[in-house]
Amino acid sequence: MYLIKKRNKKGIIMKKKSLLLLLMLVFVAFSMQAKTWYFKIQGTSAWAGKPAGDVVEIAANAIGANIVNAAHSSSPEGDTLFVAGGTYEIGGEIMPKANQVIVGGFAGTENKMNDRQRSDVDGNGIVEPWEFTTPTIIKPTAGMTASGKGYCLGLNEANITVDGIIFEDFKHTMHSIGGVGVFNKGINGLLQNVVIRNSFIDTSNTEAGTVNGIIRLQTVGTAVNCLVEYCTLKHSSIQVLGAFFIGVQATAIGCVARGNYVSTPTKGYATGGGFHIHSDRTNGGKLINSIAYNNYVSGTGGGIFIQANPCKVINSVAVNNVSGQNRGPGIAMNNGGYMYNTVAWGNTAEVGYTHDILYINSKFGGKPDGAYNVYHVNNNAGKTGREATSWGSDAVHFPELTSHVNLTQTKKGSRPSNTVDDNSGTPVLYAPKFKAPTAFQGLSQTNVATLSAESKAAINKGNYQLLYDSPLINKGSTNYVTTYDVEKDFIGETRTLGASTDIGAFEFNPAQSIGNNVSTTNNLKVFYGNSSIIVVGLQDYSTVKIFDLQGKLLKSVSATDATPIPFTMNSGVYIVSVELNSVNKIFKIIIS
């Protein structure tokens with residue numbers, strides 16, 4: 001009996017220990033579960049309605065330490081950090097932990113990311129995804145600037161997301177391993193709605209390696225709706241690869257590079273004033289629905305540099321960029337790659353003859369097989385023999401390109417003599433008809449390589465949406481949209497709205513472009529604006545008739561989908577009849 005009782009007692013003790021251990025494990029597991037933390041600057045009213053234990057009130061210069069603090073980054077699943085708007089400072093690079101989600105742009109009253117408010121901060125008529133009404137801005141401390149170390153964010157672990165943060169005024173003068181501003185080396189990193197501006201890399205006094213962008217997407221990562229603007233990248237002897245570097249398995253979607261300066265004394269060492277898309281010949285980066293405008297590179301690819309096959313540029317825009325070397329001021333396609341539904345216009349060289357797109361080291365056997373549905377005003381007639389080399393894109397040598405304009409070019413980097421100097425175009429045929437392009441090339445009207453306050457304000461207002469009569473409407477290929485899963489345009493508009501996909505980063509939407517005076521019936525829409533009637537939803541040629549209220553026929557025309565029908569309407573009510581499958585659909589337009 002004694003022995004039995006002793007064993008029972010021991011068993012009870014063992015059970016108690018097991019239960020205690022289980023409770024401890026449950027507690028540890030619960031404490032390591034991912035949670036949301038709410039950051040704010042001391043003394044501000046943000047996050048007043050959140051549980052006090054979840055609100056992290058910090059000094060403005062303590063954000064970096066708190067992001068990586070074990071209390072906010074120890075969960076294997078990754079904690080989420082909501083950072084209220086305000087200006088913060090860091091004394092060194094922020095290095096988030098695996099699976100962390102860091103989100104800025106909050107007023108401090110929201111419950112989720114989609115509650116954040118946006119507004120047209122730069123005044124260009126578009127509310128870009130990164131334009132939060134209450135921005136979260138991170139700058140370097142004076143000590144960090146004095147140290148010459150300009151790294152501000154490193155995504156070196158897996159599955160990190162950073163959304164809605166603006167990085168400003170970082171300066172880097174130490175070693176030149178690239179990605180000085182925002183560096184993504186970890187697997188599946190996501191930069192979304194991230195801005196880096198007014199930042200500077202000058203590693204002229206160092207002997208280290210290549211400078212690879214202010215934003216560097218090094219491995220399998222994605223940048224969505226990110227902006228790099230007014231940044232300078234220099235090196236005295238080594239290559240500088242773009243203001244925005246897209247690595248061999250990385251993708252940038254809906255991104256903008258504007259007003260950047262990329263330079264080396266040996267001009268050919270600088271590639272990509274806006275974007276540099278990298279390749280290792282097996283894999284290549286992708287640039288989709290993106291815009292490069294008013295950038296300067298001393299070397300090749302003023303707006304976009306495509307290193308080689310299999311890099312891809314899809315539905316993108318390169319406008320008013322400058323190459324100091326006269327090598328692809330708009331886009332340079334080097335040793336292959338693919339370019340679809342893309343427009344280059346108004347780009348120039350700092351000196352000499354110029355062209356919008358340059359095909360280098362022709363792997364194409366005389367024609368760029370990887371370029372389809374590309375629109376550019378090209379002027380390859382400047383020098384004898386260039387028409388038959390990789391310098392031009394005339395229809396004889398490059399029949400795959402759907403738009404060719406062979407022009408006579410003057411020297412000193414001016415626009416071609418018979419191409420566009422304003423948005424209306426001279427002749428009109430050659431203008432892509434953007435809503436509000438900048439009126440100058442490079443960084444300012446007086447000097448393509450020097451940025452001024454006035455030119456910065458003008459660049460801010462650049463708007464590359466399409467006007468209703470743009471020749472880019474319905475001129476792209478829908479196949480590429482389907483193949484590469486490009487379902488939305490730069491601002492989230494559905495591709496495709498017309499008979500085919502539009503060329504460029506924006507899909508023309510008559511409802512947004514014209515606004516009032518809209519009538520809808522059975523999937524057909526009739527709009528009036530800019531002294532034209534537009535019918536959207538036609539599958540083929542249809543007869544469109546316009547009547548006044550008394551039934552008088554004012555105009556009859558055979559029209560195709562989304563094609564402007566010139567017609568001036570005075571105040572009043574009009575009836576528009578559209579013949580569809582032998583049935584007349586009737587619309588009423590009221591002009592006030």
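Residues numbered from 1 in each chain as written. Predicted model: local features only at pLDDT ≥ 70, side-chain atom pairs only at ≥ 80, totals over all residues. Heavy atoms only, no water.

**Considerations on the sheet that holds strand β28 (residues 296-297)**
At step 1: The strand order across the open sheet formed by 7 strands is β10-β14-β18-β23-β28-β32-β35, and the pairing between neighbours is parallel. Taken across any chain shown, the strands that pair with only one partner, and hence form the sheet edges, are β10 (171-172) and β35 (348-349).
At step 2: Judged from the 2 bridges that link them, β10 and strand β14 (residues 200-202) form a sheet pairing that is parallel. Within the sheet, the bridge partner assigned to Lys171 lies in β14 and is Phe200. (Pairing = 2+ DSSP bridges. Helix = DSSP H or I, 4+ residues; strand = E, 2+ residues; numbered from the N terminus.)

**Things to note about the nonpolar core**
At step 1: Formed by 69 residues in total, the largest nonpolar core has its most connected members in Leu191, Phe244 and Ile304.
At step 2: Each residue touching Phe244, except ones within four places of it in the same chain, is listed here: Ile215, Leu217, Ala223, Cys226, Val228, Ala252, Cys255, Gly274, Phe275 and His276. (Core = buried A, V, L, I, M, F, W, Y, C linked by side-chain atoms within 4.5 Å. Buried < 20%, exposed > 50% of the residue type's maximum accessible area, 1.4 Å probe, protein only. Contact = heavy atoms within 4.5 Å.)

**Observations regarding the pairing of strand β2 (residues 55-58)**
At step 1: Only one face of β2 is buried: it carries Val56 and Ile58, and the other face, with Val55 and Glu57, is open.
At step 2: Taken together, the 4 bridges between strand β1 (residues 36-41) and β2 define a ladder with parallel strand orientation. Bridge pairing in β2 links Lys40 to Glu57.

**What to know about the packing of aromatic side chains**
At step 1: In this structure the tally under the stated criterion is 15 aromatic pairs.
At step 2: Ring geometry for Tyr38 and Phe82: centres 5.8 Å apart, planes at 85°, overall edge-to-face. In this pair, Tyr38 is assigned in strand β1 and Phe82 in strand β3 (residues 80-84), connecting sequence segments 44 residues apart.
At step 3: By relative accessible area, which is 10% here, Tyr38 ends up buried. (Phe/Tyr/Trp six-rings, centres within 6.5 Å; stacked < 30°, edge-to-face > 60°.)

**Some points on the confidence of the model for the protein chain**
At step 1: The predicted model of the protein chain averages 77 in pLDDT, with 75% of residues at 70 or higher.
At step 2: For residues 377-429, every residue scores under 50 in pLDDT, and the model assigns this stretch 138 contacts once sequence neighbours within four places are set aside. (pLDDT = per-residue confidence, 0-100.)

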